[in-house]
Amino acid sequence: MKTLHFPSPIQSITFDEHHFYLKRDDLIDSDFSGNKARKFYYFLQHDFPDVRKLVSYGSAQSNAMYSLSVLAKMKGWEFEYAVDHIADYLKAHPHGNYKAALDNGMKIIQKESISSSYPKSVLFIEEGGRQQEAEFGIRALAEEIVAWKEENDITQLNIFLPSGTGTTALFLQKYLPSNRVYTTACVGDENYLKEQFLSLEKDENVHPVTLSLDKKHHFAKLYKENYKIWLKLHQQTGVEFDLLYDPLGWRVLLAHPEVFSIPTLYIHQGGVLGNESMLPRYERKYKDIDKDIL
Ligand SMILES: *Cc1c(COP(=O)(O)O)cnc(C)c1O
């Protein structure tokens, strides 16, 4: 079994003249990294002697799908993934997470509904890794942050990360009770995120703080402001962020300077392989953008 790079490094960055710490979960490993590596860490670390096959479902370009294909390969399991739709273009020209998962041996099937009862030889994983086992790897992430704070005599620290299902933000807040975890809803709206938090934890007092922009935001839509901040982040920090979650994350964070009035740690949750499909779309749509004046 290959070794993963834990703890992931934390670096100092300056963005728009503000100082931030950046937790590089994107660097855990070249294949198994980021948010989904944390969420699926439980399955990597435990033995499943009866399991022969991993089954999951979701979108044909998801980060979870790719990370599960890596997990299955590492474990020697078959991997079957159900989608309700694959775009014709993607089928004809595989790229990004989809291609990488196919290269890892993923068997993709198109079907409307998925069964939830399987024999013992099958490990079934919910869409996006939204499940209790995620707590195991996110707790390890929290412990890395606690150890780093102690080593560097950092007493005050805010944490920021963008959310999809909110599973990561919620469990991080649970294991970092003396820090505030801030997040923003990227996939659904604030009400959706609150429901997700409540389904995992009834006590609202221990939920992360959800921030947002005044304007409504749709997931995976090509906003010029998102592209601009992504380019600017790359120019100023040299770091490639993901194009689905991080642009909104950084826009929301910069719009709330009260958060970074004390030292603030931003969590880079990986997902850059997905840029292979998002970036060409942005480049086509905003080809006249002047990269010298972002
Ligand atoms: C899955 C994912 C998220 C969202 O994580 P949740 O726990 O669902 O909130 C954020 N960023 C990246 C890069 C992801 O892959």
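Our structure's up above, just so we're on the same page.
Predicted model only: the values in this text are computed from it and were never measured. (Residues numbered from 1 in each chain as written. Predicted model: local features only at pLDDT ≥ 70, side-chain atom pairs only at ≥ 80, totals over all residues. Heavy atoms only, no water.)

Peer 1: Explain the sheet that holds strand β3 (residues 53-57) to me, and be specific about the residues and the numbers.
Peer 2: One open sheet accounts for four strands, arranged β5-β4-β3-β6; its pairing is parallel. Edge positions in the sheet fall to β5 (107-110) and β6 (122-124), since each has one partner strand and no second. On average, each strand axis in the sheet is tilted by 25 degrees relative to the strand beside it, whichever way the strands run. For β3 and β6, the ladder comprises three bridges, and the chain directions are parallel. In the sheet register, valine 55 faces β6, and the bridge partner there is phenylalanine 124. (Pairing = 2+ DSSP bridges. Helix = DSSP H or I, 4+ residues; strand = E, 2+ residues; numbered from the N terminus. Axes fitted to C-alpha atoms, helices over the stretch in contact; angles between N-to-C directions.)

Peer 1: Any details on the packing of helix α9 (residues 224-237) against helix α10 (residues 246-254)? Residues and values, ideally.
Peer 2: Where α9 contacts α10, the two axes come as close as 9 Å, and the packing angle between them is 85 degrees. In terms of their interaxial angle, α9 and α10 are classed as roughly perpendicular. On α10, the residues touching Glu225, Asn226, Ile229, Trp230 and Leu233 of α9 are Pro247, Leu248, Trp250, Arg251 and Leu254. For the contact of α9 with α10, the residue count by class is seven nonpolar, one polar and two charged. (Parallel < 35°, antiparallel > 145°, perpendicular 65-115°, else oblique. Contact = heavy atoms within 4.5 Å. Nonpolar A, V, L, I, M, F, W, Y, C, P; charged D, E, K, R; others polar.)

Peer 1: Can you break down the sheet that holds strand β1 (residues 10-15) residue by residue, with the values?
Peer 2: In spatial order, the strands read β1-β2-β10-β7-β8-β9; together these six strands make up an open sheet with mixed pairing. Edge positions in the open sheet fall to β1 and β9 (209-210), since each of these has one partner strand only. Of the strand pairs in this sheet, strand β8 (residues 180-185) and β9 are connected by two bridges, and their pairing is parallel. Note that in β9 the partner of tyrosine 182 across the bridge is valine 209. Across the face of the sheet, helix α6 (residues 134-151) comes into contact with β1, β2 (18-24), β7 (158-163) and β10 (264-268) while running at roughly 130 degrees to β2.

Peer 1: Which residues make up the packing of α9 against helix α11 (residues 275-285), and what values go with them?
Peer 2: Two elements in contact, α9 and α11, have axes separated by 11 Å at closest approach and are oriented at 115 degrees. Considering their axes alone, α9 and α11 lie roughly perpendicular with respect to each other. Considering how the two elements wind past one another, α9 and α11 form a crossing that is left-handed. Of the residues in α11, those in contact with Asn226, Tyr227 and Trp230 of α9 are Asn275, Leu279, Tyr282 and Glu283. Each residue belonging to the contact of α9 with α11 can be placed in one class, and the counts come to four nonpolar, two polar and one charged. (Left-handed = near helix turned anticlockwise from the far one by under 90°.)

Peer 1: I'd like to hear about the pattern of salt bridges, residue by residue, with values.
Peer 2: Applying the stated criterion to the full structure yields twelve salt bridges. In this structure, lysine 232 engages aspartate 16 in a salt bridge whose closest nitrogen and oxygen atoms are separated by 3.4 Å. Within this pair, whereas lysine 232 is found in helix α9, its partner aspartate 16 is found in the loop between β1 and β2, the two being separated by 216 residues in sequence. Using a relative accessible area of 28% as the deciding quantity, one classes aspartate 16 as partly exposed. Among the ionic pairs, arginine 139 bridges to glutamate 143, the shortest N-O distance being 3.3 Å. With arginine 139 and glutamate 143 both in helix α6 and four residues apart, the pair spans about one turn of that helix. (Salt bridge = Lys/Arg side-chain N within 4 Å of Asp/Glu carboxyl O. Buried < 20%, exposed > 50% of the residue type's maximum accessible area, 1.4 Å probe, protein only.)

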